[in-house]
Structures are given as C-alpha cells and as structure tokens.
Amino acid sequence: MVKWIDLETSIDICTPPEFNFDELLVFLGRSEQEVLHQIKDKELYKLIKINEELILLKITSKDSTTIHVEFPVGTPSKREKIAFYIWNWFDLDKDLKSYYKIAKKDKILSPLVEKYAGLRIIGIPDLFEALTWAIIGQQINLTFAYTLKSRLVKQFGDKLEWNKATYWLHPTEKAISSLHVNDLKQLQFTTRKAEYIIDIAKAMTNGEIQRKTSIN
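Below is a short write-up of the structure. Since we're looking at a predicted model, the values are computed, not measured.

What counts, and at which threshold
Residues numbered from 1 in each chain as written. Predicted model: local features only at pLDDT ≥ 70, side-chain atom pairs only at ≥ 80, totals over all residues. Heavy atoms only, no water. Helix = DSSP H or I, 4+ residues; strand = E, 2+ residues; numbered from the N terminus. Contact = heavy atoms within 4.5 Å. Lys, Arg positive; Asp, Glu negative; His and termini not counted. Charge placed at Lys NZ, Arg CZ, Asp CG, Glu CD. Phe/Tyr/Trp six-rings, centres within 6.5 Å; stacked < 30°, edge-to-face > 60°. Buried < 20%, exposed > 50% of the residue type's maximum accessible area, 1.4 Å probe, protein only. Polar contact = N/O pair within 3.5 Å; in protein donor to acceptor, adjacent residues only side chain to side chain. Axes fitted to C-alpha atoms, helices over the stretch in contact; angles between N-to-C directions. Parallel < 35°, antiparallel > 145°, perpendicular 65-115°, else oblique. Left-handed = near helix turned anticlockwise from the far one by under 90°. Nonpolar A, V, L, I, M, F, W, Y, C, P; charged D, E, K, R; others polar.

**A few points about the overall build of the protein**
So, point 1. A count of helical and extended segments in the protein gives nine helices and eight strands.
So, point 2. The principal-axis extents of the C-alpha atoms in the protein amount to approximately 50 × 45 × 35 Å.
So, point 3. For the protein, the proportion of contacts with a sequence separation of at least 24, taken over those separated by at least 6, is 60%.
So, point 4. Averaging the positions of the 31 positive and the 29 negative side-chain charges in the protein gives two centres separated by 3 Å.

**Notes on the packing of aromatic side chains**
So, point 1. Evaluation of the coordinates by the stated rule reveals seven aromatic pairs.
So, point 2. On the numbers, 6.2 Å between centres and 15° between planes, the contact of Phe 19 with Phe 90 is stacked. Of the two residues, Phe 19 is situated in the loop between β2 (10-14) and α1 (21-28) and Phe 90 in the loop between α2 (79-89) and α3 (97-103); the sequence distance between them amounts to 71 residues. Just as Phe 19 is buried, Phe 90 falls in that class too.

**Focus on unusual backbone geometry**
So, point 1. Phi at Asn 163 is positive, roughly 50°, even though this residue is not glycine.
So, point 2. Relative to the elements of secondary structure, Asn 163 occurs in the loop between β7 (159-162) and β8 (165-168).
So, point 3. Positive phi outside glycine occurs at Lys 164, with the angle close to 65°.
So, point 4. Along the polypeptide, Lys 164 turns up in the loop between β7 and β8.
So, point 5. Residue classification places Lys 164 among the exposed positions, given a relative accessible area of 90%.

**Things to note about the side chain of Lys 46**
So, point 1. Tracing the chain through its elements places Lys 46 in strand β4 (residues 43-50).
So, point 2. A polar contact of 3.3 Å, which involves the side chain of Lys 46, links it to the backbone oxygen of Leu 36.
So, point 3. Leaving out residues up to four positions away in the same chain, Lys 46 has contacts with Leu 36, His 37, Ile 55, Leu 56, Leu 57, Tyr 85 and Trp 89.

**A look at α2**
So, point 1. Along α2, the residues classified as buried are Arg 79, Ile 82, Ala 83, Tyr 85, Ile 86, Trp 87 and Trp 89.
So, point 2. Positive phi shows up at Asp 91, right after α2, with a value of about 60°.

**A closer look at the packing of helix α5 (residues 127-136) against helix α6 (residues 142-156)**
So, point 1. Closest axis-to-axis distance for the α5/α6 pair is 9 Å, and the angle between their directions is 135°. Classified by the angle between their axes, α5 and α6 sit oblique to one another. As α5 packs across α6, the resulting crossing turns out to be right-handed. Seen from α5, the contacting residues are Thr 132, Trp 133 and Ile 136; seen from α6, they are Leu 142, Ala 145, Tyr 146, Leu 148, Lys 149 and Leu 152.
So, point 2. Tallied by class, residues from the contact of α5 with α6 come to seven nonpolar, one polar and one charged.

**Overview of the environment of Lys 105**
So, point 1. Tracing the backbone through its elements, the reader meets Lys 105 in the loop between α3 and α4 (109-115).
So, point 2. According to the relative accessible area criterion, Lys 105 is exposed, its value standing at 69%.
So, point 3. Along the backbone, Lys 105 and Ser 178 are 73 residues apart, and their C-alpha atoms lie at a distance of 53 Å.

Right, here's the structure in full:
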C-alpha cells in the first residue's frame, strides 16, 4: 500500500526503514548516457506522462524516512498516481526485514548487505520500456546499449524543455508499432532487435500483451 502525504503543490512519500536514497542515486547514475532521468546535486528529475499530461518530477530525500516530490512545471491533479508510480519504481512495497535477517548470518552476503543497506531492486514501471530495454541490451556491451536507447528515445519519444535542460519520455508502444524495421536499422539496431521491438509494440497496442497495472 502506497504511503504518501498530499501537500497540494508537492507530495511526500513515506519510505520503509530499509531504504537508502543515496544508494538509489548511485544505481540510477551508473551511466552518463541515461536519457530518461537526470541527477543534479542529489536531485532526481524524471519526466512521466499521465492522461496525456507531461509531468516533470523533482525527487529529493527529505529525511531518512521521507521522499519529497516537487513539480517544477506546474502542479498536476493526479498526484496519487504519481505517488503510486514512484512507490513501484523504487520497489518500496517489498519488506526486506526478513531478507536482512537471513543475509546477515551468511558469510558472503553479510558484508554486502551492510555496504549496500537500503538499496532496492529499482524497476521500470512502464512495461513497454522494460521489454524494449531487455531486447536492446542482449549480446552487446552496456555502453552501446545506452547509445541505442538514447537514439530510440530522442527519435520517437516526447520531450519537455525546462530551465535550459531537455527531459525525455520513452516512446509509447503505439508510436513504435507503426514503424518499419528499416526505421530502427537506421539507428543501428539489428534486424532481429528491430523486429522484436516492433512486434512487441504491435502486440501491446492491439491488447495481446497487457500491463497488470498502469498509472494512466
């Protein structure tokens, strides 16, 4: 269950004790080529879309148990859906107490859970984005995978410009479903990767593949 507080022009999300915002930033900042979020002075910026409205999030750590979310480009009405999105993105629903209890008794896991305490399995709430990233990353190095992802996003995704910066949104399955294989091959996608991504986009568009949950 999402635990959050509506402050009207911003929201607070109450995190479980086993959560570390700094470790989250380390994980999300692992590549300078990432285009779907930006980290600036421990401030996390993320563009999302709810009911066709582009919403820029500015996410910071208020204290050890609270995430603070501001909206630099105007306050949206669907703030509960934003809280739900972040709750799932940061994997805050998982109870790690029992895992830590077991891991601390293990010689190999014990030093790791101590070093990375509060790090969670950061997800990708958008199913099409998750499937596309899984296909892109197969059998190539991570650097080139991020290059392909950046090209796909900047060619077919929405964007929002604010304060001299550009924030990008992953293209929707509907946008990709109308493409031809050569459209992606021009971005240096292999024929097979292009086929997989377009076929999944079509399957999601016509309802053959569906999300269990959605923020829309």
